[in-house]
Amino acid sequence: MDGTRRWALIVVAVIGVGLAAAPLAFGMFTKGPQGATMIAAFKPYMTAARIDGYQAELREINAGVHQTDTRVATVLGAGAGGQAAFDQAYPDFASFDQQWPSIDSTMTTLMNEVQGNLGNYQAVAALPSFKLFPWFFVIPGVLIAGVAIVALVRSRRRSRRWPRWTLVVLGVGLIAAPAAFQMFERAPHGGQMMTAFKNIETTQNVQKIQGYFGNMAVGQGAIRLDIVPALEHTGLTSTQIAARFPALATLDTNWVHILNDMTPMIGVMSDSIANYQAVASLPPFPLFPWFFVIPGVLVSGLALVALRPRAKRAAPAGADHGSGYEPISVPPSLAVPAGGVVMRRCLPFLSLAAFLVGGALAGTVPPAGATGSGAQHALVGTFKLAPGACFGAAVNGTYFRMIFPHGNVTTGKFFENPDSTCPNKTYTLAVPGAQGGLVTGQYQPNPVPVFNAQGGANANLIVQPQSFTAIDFSIATNKVDPQTGLHVPAPTISVNHGKLSGQIEAWSASWNKQYFNQGSPKPNGTHPGLTHALSGTYNATTHQFVITWTSQVVGGPFNGFTGDWHLSGTFVPAK
């Protein structure tokens, strides 16, 4: 083989290795599946009907707020100081009314941007799955490198040409692939979508929208629980209110549907941040077609160069003129001693043996810190819950609060539940369920169905469902955590000199057809953010207990929020 053709095949082999290695260099084996997850997660929401629905809901909220702030305020504030008296009588709505223009502007801009990128999303979704993208580089790369190496080492005249023709075909296939998948048209759309979502798929933006959700819940709660009852108190019937204030009545009627729509969208936005950032760190979408075309042109061209007939030359003395073989000499410096070959071949087996022996020895040594249970005593039975109760600013019994991201247990900021019966709406009280409270050593799972038609939770063994922004939430413990899909142990609690400890990984809140693990530790054994271990006190004489823990929500519409749980009551041992 002459030098030009050998050089051409060597370059082809290098190109093949480069193609096969590209996904590793770009981290595509990790980022590709993340991209596929992001595209699949957005699919239910990236339709013209769904986006039109969100925009219509924003208009409903806007119309309801405006009508309440004008015509309703005139009725309820008449003879008592007008608008100022209305704002003073309904401070929650007045606060929301001031915040709404900014919320409306941001949310409307967001929906407009999403709608403007609907075509871009559909173009990207029409490409082959992102999970397959790494293999579109690896498989051709391995084939090209392998065939090029075969062409280099084979020297029989009749067998030298098929590997090179194969390389030509592989190169043409690379050139044609972007056209077959319409990548020259779809990839730029993907680039436009990634640019448009740059300011949408950020933690800061999602947390701002989460805050808007809290503000809207408070504002609608004021309409539903304060303003509409006040209108009824003036003598108006529900029918008359709907006739005189249709925008107000529409918002009040459709609020649960709006929550059903917006909550999962916020969850998808939150869950897709990491996936978006992973895809955004890949090379720009418009370059992807050229990652196939340019190597394809080079491979085909170089393979054709290697196919050129070589000039005949005289055979060296003593060579076998009919064989076509070229003798290969090995420099003495590269020769491998026989003993070295033996060691090289045995080395993998020696390493395996060392690993197995080391593992066996490690199994005989107790892990560091392994100790006995000491004076701890497991409390197996039912922690009968005392109902939550408010006495002015004081709150006792069983309740929980929800802390906004970047808040803390002491000062909050706390989420206000307009349906709370406490003067301080950040407390949501609990009522014991059918089994009286938390049972340790076993599960108290979700019923079937888990949710009612409005998205309210049906679980009622530990606590009774309680309204949270107009939709019921409740608690269950399941063998498989419904949010993460991980197996979790049943709750266990122990006492040591009056101090409680334990794990409650299975504690799961359900609300609006969503699940939120609120256990400690989390199902993977971690304590993210403000998640703190279960602790408390127990009186062995009276069996009175207090249990507290905090658990940060990971994923979903309330990602980054933290549940602050307080359980109290009387422990009843199992018989």
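For the structure itself, consult the block above.
This one's a predicted model, so the numbers in the text were calculated from it and none came from an experiment.

Procedures and definitions
Residues numbered from 1 in each chain as written. Predicted model: local features only at pLDDT ≥ 70, side-chain atom pairs only at ≥ 80, totals over all residues. Heavy atoms only, no water. Disulfide = S-S within 2.5 Å. Helix = DSSP H or I, 4+ residues; strand = E, 2+ residues; numbered from the N terminus. Buried < 20%, exposed > 50% of the residue type's maximum accessible area, 1.4 Å probe, protein only. Salt bridge = Lys/Arg side-chain N within 4 Å of Asp/Glu carboxyl O. Core = buried A, V, L, I, M, F, W, Y, C linked by side-chain atoms within 4.5 Å. Contact = heavy atoms within 4.5 Å. Phe/Tyr/Trp six-rings, centres within 6.5 Å; stacked < 30°, edge-to-face > 60°. Pairing = 2+ DSSP bridges. Axes fitted to C-alpha atoms, helices over the stretch in contact; angles between N-to-C directions. Patch = residues over 30% accessible without salt bridge, like charges linked within 9 Å, V, L, I, M, F, W, Y side chains within 5 Å. Areas by Shrake-Rupley, 256 points an atom, 1.4 Å probe, with all protein chains shown as cover.

(A) View of the state of the cysteines. Applying the stated criterion to the full structure yields one disulfide. Covalently, Cys390 is tied to Cys422 through a disulfide, its sulfur atoms 1.5 Å apart. In this pair, Cys390 sits in strand S3 (residues 389-391) while Cys422 sits in the loop between strand S6 (412-414) and strand S7 (428-429), placing the two residues 32 residues apart along the sequence. Judged by its relative accessible area of 22%, Cys390 is partly exposed. On the basis of relative accessibility, which here comes to 2%, the residue Cys422 falls in the buried class.

(B) Highlighting the pattern of salt bridges. Under the criterion given, the structure shown has two salt bridges. A salt bridge links Asp261 to Arg50; its shortest N-O distance comes to 3.8 Å. Taken as a pair, Asp261 in helix H12 (residues 246-271) and Arg50 in helix H3 (residues 48-77) lie far apart in primary sequence, 211 residues in all. For Asp419, the salt bridge goes to Arg224, with nearest N and O atoms at 2.8 Å.

(C) Expanded view of the nonpolar core. One finds Phe415, Trp507, Trp511, Phe545, Ile547 and Phe558 to be the most contacted residues of the largest nonpolar core, which totals 95 residues. Leave out the neighbours within four places in its chain, and Phe558 touches Gln210, Phe213, Met402, Phe415, Trp511, Phe516 and Val553.

(D) Representation of the packing of aromatic side chains within the structure. Going through the model one piece at a time under the given rule, you end up with 39 aromatic pairs. Residues Phe136 and Phe181 carry aromatic rings whose centres are separated by 5.7 Å and whose planes lie at 20 degrees to one another, so their mutual orientation is stacked. Of this pair, Phe136 sits in helix H7 (residues 133-153) while Phe181 is found in the loop between helix H8 (161-180) and helix H9 (183-196), placing the two residues 45 residues apart along the sequence. Look at Phe136 and you get partly exposed, because its relative accessible area is 24%. On the basis of an interplanar angle of 45 degrees and a centroid distance of 4.7 Å, the ring pair of Phe383 and Phe571 is categorised as tilted. Of this pair, Phe383 sits in strand S2 (residues 381-385) while Phe571 sits in strand S17 (residues 562-573), placing them 188 residues apart in sequence.

(E) Quick peek at the side chain of Ser551. Inspection of the secondary structure assignment puts Ser551 in strand S16 (residues 544-552). With sequence-adjacent residues up to four places away left out, Ser551 is seen in contact with Asn517, Gln518, Gly519, Lys522, Thr531, Phe561, Thr562 and Gly563.

(F) Seen up close, the pairing of strand S10 (residues 471-477). Of all seven residues in S10, six are buried; the element is thus mostly enclosed. Of the pairings in the sheet, the one linking strand S9 (residues 466-468) to S10 comprises three bridges and is antiparallel in character. Residue Phe468 lies in a different strand from S10, and its bridge partner there is Ile471. Hairpin connection between S9 and S10: a loop of two residues separates the two successive antiparallel strands, and Thr469 in this loop has a positive phi of roughly 55 degrees. Here five bridges tie S10 to strand S13 (residues 507-511), and the two strands are oriented antiparallel to one another. Paired with Ser474 across the strands is Ser510, a residue of S13.

(G) Focus on unusual backbone geometry. Residue Lys413 is reached from Gly412 by a cis peptide bond, and omega for that bond is 10 degrees. Tracing the chain through its elements places Lys413 in strand S6. Each neighbour pair has its own omega, and for Ser520 with Pro521 the value is -5 degrees, a cis peptide bond. Position of Pro521 among the secondary structure elements: in the loop between strand S14 (514-517) and strand S15 (532-538). Of note in this structure, Ala470 is not a glycine but carries a positive phi near 85 degrees. Relative to the elements of secondary structure, Ala470 occurs in the loop between S9 and S10. A relative accessible area of 25% places Ala470 in the partly exposed class. Located in the positive-phi region is His543, a residue other than glycine, with phi close to 65 degrees.

(H) Structural context of the environment of Val380. Relative to the assigned elements, Val380 resides in the loop between strand S1 (377-378) and S2. The exposure class assigned to Val380 is partly exposed, which follows from its relative accessible area of 47%. In sequence terms Val380 and Ser494 are 114 residues apart; their C-alpha atoms lie 8.5 Å from each other. Aside from chain neighbours lying at most four places away, what touches Val380 is Thr440, Phe571, Pro573 and Ala574.

(I) Fine view of the sheet that holds S10. Sheet architecture is open: four strands sit in the order S9-S10-S13-S14, paired in antiparallel fashion. The outermost strands of the open sheet, each flanked by one partner alone, are S9 and S14. If you compare each strand with its neighbour and ignore which way they point, the axes differ by 35 degrees on average. Contacts from H12 reach S10, S13 and S14, with the element oriented near 50 degrees to S10.

(J) Geometry of a nonpolar patch on the surface. Residues Leu24, Phe29, Leu132, Trp135, Ile139 and Leu143 make up a contiguous nonpolar surface patch of about 600 Å² in total accessible area. Of all the elements, H7 adds the most residues to the nonpolar patch, at three residues. With respect to the helices and strands, the residue Trp135 is situated in helix H7.

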